[in-house]
Amino acid sequence: MIYEIEDTSKVKELYDGWQETLIFSCMQNVMGKIYVTDLEQPKSAFAFVGCFGFYAGEPNRELVFNKPDGFVIMVPQNEKWAALIEECYPSSKRVTRYAIKKDTTFDVKMLREEINKLPDGYELKKIDAGIYDQCFENPATEDFVSAFGSKEKYLQIGRGMVITKNGTIVSGASSYTRYNEGIEIEVDTVEPERRKHLATIACAALILNCLDEGLYPSWDAQNMNSVHLAEKLGYEFDHEYIAYEVV
């Protein structure tokens, strides 16, 4: 039997040392959920937010088999969990992701200079109630807001910047998730507008907004292009890790 645990202190030790802000979101009960098979003395846990799931503790087949509906990126704590995921989902895709250090000291002057490079014909805007709705009009921008579950929750705790052209969102950077001390950045640009420096500008604006509020803008990279963009903004690469894409 699988249960959603509300007292996340009971699984704290299982996730100790795992520096992933999506786990922080779940542990802090800001967003996301944590599932266990034993509410009193859990030995295994599955933290899930957005489309990411993090498996910790003793490998548990029941937790792996009972995944949420749809596409899930499963992140194993170790190779034993990885082997179990491969066994349960033979068609899963094993991928390498890239963790970025979470103690960045940003060059504010440089970030402001990046914003000043916004090309003519484009506008930089905060994600407000109207922009929130527009984000769902394109798969490239949907994840800017989708993990929050409602417009009200995003406007309350989410943070985001988009670049528009002729009133249409063409690029942006937003909080994929939120935890008490900061956000996890989601960035994308629609295909025809890529390689125009727009993602860099949107990220610079979002990072500055976060710094103004005392929030940390955390970054995790799906690929090396994302790593290079992060480094351009002042972040430092930390380490590779394995994940599984499961439909």
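Preceding this section is the structure that the text describes.
Right, let's walk through the structure included here. (Residues numbered from 1 in each chain as written. Predicted model: local features only at pLDDT ≥ 70, side-chain atom pairs only at ≥ 80, totals over all residues. Heavy atoms only, no water.)

## Quick notes on the sheet that holds strand β4 (residues 52-57)
- Taking strand neighbours across the sheet as the criterion, the 8 strands line up as β1-β2-β3-β4-β5-β13-β6-β12 in an open arrangement whose pairing is mixed. Either end of the sheet is taken by a strand with one partner, and the two such strands are β1 (3-4) and β12 (220-221).
- Pairing between strand β3 (residues 44-49) and β4: 6 bridges, direction antiparallel. What sits directly across from Val49, in β4, is Phe52. (Pairing = 2+ DSSP bridges. Helix = DSSP H or I, 4+ residues; strand = E, 2+ residues; numbered from the N terminus.)

## Description of unusual backbone geometry
- Of note in this structure, Asn29 is not a glycine but carries a positive phi near 60 degrees.
- Its place among the elements puts Asn29 in the loop between α2 (21-27) and β2 (33-36).
- Classification of Asn29 by relative accessible area gives exposed; the value is 51%.
- The backbone of Asn166 shows a phi angle near 55 degrees, a positive value even though the residue is not glycine.
- Position of Asn166 among the secondary structure elements: in the loop between β8 (160-165) and β9 (168-179).
- Its relative accessible area of 75% is what places Asn166 among the exposed residues. (Buried < 20%, exposed > 50% of the residue type's maximum accessible area, 1.4 Å probe, protein only.)

## Digging into the packing of helix α5 (residues 108-115) against helix α9 (residues 198-213)
- At their nearest, the axes of α5 and α9 sit 8 Å apart, and the two run at 135 degrees to each other. As far as their axial angle goes, α9 and α5 are oblique. Every pair of crossing elements has a handedness; the one defined by α5 and α9 is left-handed. Taken together, the residues of α9 that come into contact with α5 (itself represented by Val108, Leu111, Arg112, Glu114 and Ile115) are Thr200, Ile201, Ala204, Ala205, Ile207, Leu208 and Leu211.
- Among the residues making up the contact of α5 with α9, the classes are represented as 9 nonpolar, 1 polar and 2 charged. (Axes fitted to C-alpha atoms, helices over the stretch in contact; angles between N-to-C directions. Parallel < 35°, antiparallel > 145°, perpendicular 65-115°, else oblique. Left-handed = near helix turned anticlockwise from the far one by under 90°. Contact = heavy atoms within 4.5 Å. Nonpolar A, V, L, I, M, F, W, Y, C, P; charged D, E, K, R; others polar.)

## Let's talk about helix α10 (residues 224-232)
- All buried positions along α10 are accounted for by Ser226, Val227, Leu229 and Ala230. For α10, the arc enclosing every buried residue in end-on projection is 165 degrees, short of the 170-degree limit, so these residues lie on one face.
- Residues of α10 that are buried in the fold lie against β6 (93-100), β10 (182-189), α9, β12 and β13 (237-246).
- Of the residues flanking the start of α10, the one acting as N-cap is Asn223, its side-chain oxygen 3.2 Å from the backbone nitrogen of Asn225.
- Phi for Gly234, located one or two positions after α10, is positive at around 115 degrees. (Arc of directions from axis to C-beta. Polar contact = N/O pair within 3.5 Å; in protein donor to acceptor, adjacent residues only side chain to side chain.)

## Quick notes on the pairing of β4
- Burial of β4 is extensive: 6 of the 6 residues sit out of reach of the surface.
- Counted between consecutive antiparallel strands, the loop separating β3 from β4 contains 2 residues, among which Gly50 sits at a positive phi close to 65 degrees.
- In this structure, β4 lies alongside strand β5 (residues 72-76), joined through 4 bridges in parallel fashion. Bridge pairing in β5 places Tyr55 opposite Pro76.

## What to know about a nonpolar patch on the surface
- Taken together, the side chains of Met1, Tyr3 and Leu39 present a nonpolar region at the surface, about 300 Å² in accessible area.
- The residue Tyr3 is located in strand β1 in this model.
- Looking at Tyr3, the relative accessible area reads 32%, which means it is partly exposed. (Patch = residues over 30% accessible without salt bridge, like charges linked within 9 Å, V, L, I, M, F, W, Y side chains within 5 Å. Areas by Shrake-Rupley, 256 points an atom, 1.4 Å probe, with all protein chains shown as cover. Salt bridge = Lys/Arg side-chain N within 4 Å of Asp/Glu carboxyl O.)

## Some details on the packing of aromatic side chains
- Scanning all chains against the criterion turns up 17 aromatic pairs.
- Seen in terms of ring centroids, Phe106 and Tyr235 are 5.1 Å apart; in terms of plane orientation they differ by 80 degrees. Their pairing is edge-to-face. Here Phe106, found in the loop between β6 and α5, pairs with Tyr235, found in the loop between α10 and β13; they are 129 residues apart in sequence, far enough to count as distant. Here Phe106 and Tyr235 have matching classes, each one buried. (Phe/Tyr/Trp six-rings, centres within 6.5 Å; stacked < 30°, edge-to-face > 60°.)

## Considerations on the side chain of Ser226
- Along the polypeptide, Ser226 turns up in helix α10.
- In this structure Ser226 touches Trp219, Asp220 and Ala221, once residues within four positions along its chain are discounted.

## Examining the environment of Glu231
- Its place among the elements puts Glu231 in helix α10.
- The partly exposed category is assigned to Glu231, whose relative accessible area is 40%.
- Considered as a pair, Glu231 and Lys117 are 114 residues apart in the sequence and their alpha carbons are 18 Å apart.

## Considerations on the pattern of salt bridges
- Inspection of the entire model under this criterion finds 15 salt bridges.
- Glu4 serves as the salt-bridge partner of Lys33, at 3.9 Å between the closest nitrogen and oxygen. Remark: Glu4 occurs in strand β1 and Lys33 occurs in strand β2; sequence separation between them is 29 residues.
- The class for Glu4 is partly exposed, based on a relative accessible area of 39%.

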